[in-house]
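# Overview (structure and organization)
Now for the letters of each chain:
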Amino acid sequence: TYTGMYNYMIAHPTAVMAAGMGAMNGDLLSVAGAIDLESNSGGFSLLRRLTSATTPEAPTPGNYAIRLLDGADATLAETAFTPHEAEDSPVAGFELVVDFVAGTRAVQLVDSTSNTVLATQAVSANPPVISDVALQNAPDPVSGIVTLGWNASDPDGDSLTFDIFYSRDNGATFQPVQMNATGNSTEIDTAVLGGSGTAILRVVASDGVNTAEAASAPFTMANKAPE
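This text gives an overview of the structure that appears in the document.

Another aspect to go through is the environment of Ser-89. Mapped onto the secondary structure, Ser-89 falls in strand 6 (residues 89-99). Residue classification places Ser-89 among the partly exposed residues on the basis of a relative accessible area of 32%. Separated by 53 residues in the primary sequence, Ser-89 and Asp-36 place their C-alpha atoms 8.8 Å from one another. At 3.1 Å, the side chain of Ser-89 forms a polar contact with the backbone nitrogen of Val-91.

Another aspect to go through is unusual backbone geometry. With omega at 0°, the peptide bond leading from Asp-140 into Pro-141 counts as cis. Here Pro-141 shows up in the loop between strand 9 (129-136) and strand 10 (145-153). Of note, the phi angle at Asp-73 is positive, near 65°, even though the residue is not glycine. With respect to the helices, strands and loops of the structure, Asp-73 is situated in the loop between strand 3 (64-69) and strand 4 (75-81). If you check the backbone angles, Asn-180 has positive phi at about 60° while not being a glycine. Here Asn-180 lies in strand 12 (residues 175-181).

Let us look at the packing of aromatic side chains. All told, the structure shown has three aromatic pairs when counted by the stated rule. For the ring pair Phe-81 and Phe-94, a centre distance of 5.1 Å and an interplane angle of 40° mean the geometry is tilted. With Phe-81 in strand 4 and Phe-94 in strand 6, this residue pair connects regions lying 13 residues apart in the sequence. Neither residue differs from the other here; Phe-81 and Phe-94 are each classed as buried. Arranged with centres 5.0 Å apart and planes meeting at 50°, the rings of Trp-150 and Phe-162 form a pair that is tilted. In this pair, Trp-150 is assigned in strand 10 and Phe-162 in strand 11 (residues 161-167), connecting sequence segments 12 residues apart.

Parameters at a glance
Residues numbered from 1 in each chain as written. Predicted model: local features only at pLDDT ≥ 70, side-chain atom pairs only at ≥ 80, totals over all residues. Heavy atoms only, no water. Helix = DSSP H or I, 4+ residues; strand = E, 2+ residues; numbered from the N terminus. Buried < 20%, exposed > 50% of the residue type's maximum accessible area, 1.4 Å probe, protein only. Polar contact = N/O pair within 3.5 Å; in protein donor to acceptor, adjacent residues only side chain to side chain. Phe/Tyr/Trp six-rings, centres within 6.5 Å; stacked < 30°, edge-to-face > 60°.

By themselves, these are just geometric observations and shouldn't be taken as functional.
Below, the structure is given as structure tokens:
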């Protein structure tokens, strides 16, 4: 649930901007995870390459770092940070948005004091490809449980996961529907999706870091009675 909320806020900064925050654009990498301070172990919960994101709080330099490496394991960039410690747990969380460097082939979570690598995520050379996002044999207007399908592939042969988002306003804003779906289709219960004459479903494919997205043609979603 929290990963879904985080993905949505990072991918759709306009709502947060309305609250007075700015946005950053470019070739970016959103990174989140956790570190067990007692065992000095950790890992990533999210790695997403983005073109825009809400302007995050500047990281406080500390004893940990996000390191970007090229194919020869040479360091391309390194960002030091201090994780957010909890009062009742040895596990500290972190979330950063850093500049992605062309040629990055691995992302590491590092304990800088001992140069210990706590986690490594490989980065493929090519992003996935996705197309033909469409509802399959759905009623018009759309209602009930329907199947959303798409075609996707990865030039590097990586396994893909898919996040599905719904828009009621022809793509101006989106809300998350499902996260980390697999295969080339998924069932969606439209009972929780508001009615619209310009509804769109968008699918974001991820190979673990790189992403690609495609959207359905606009369709009519049936209105719902109040509860």
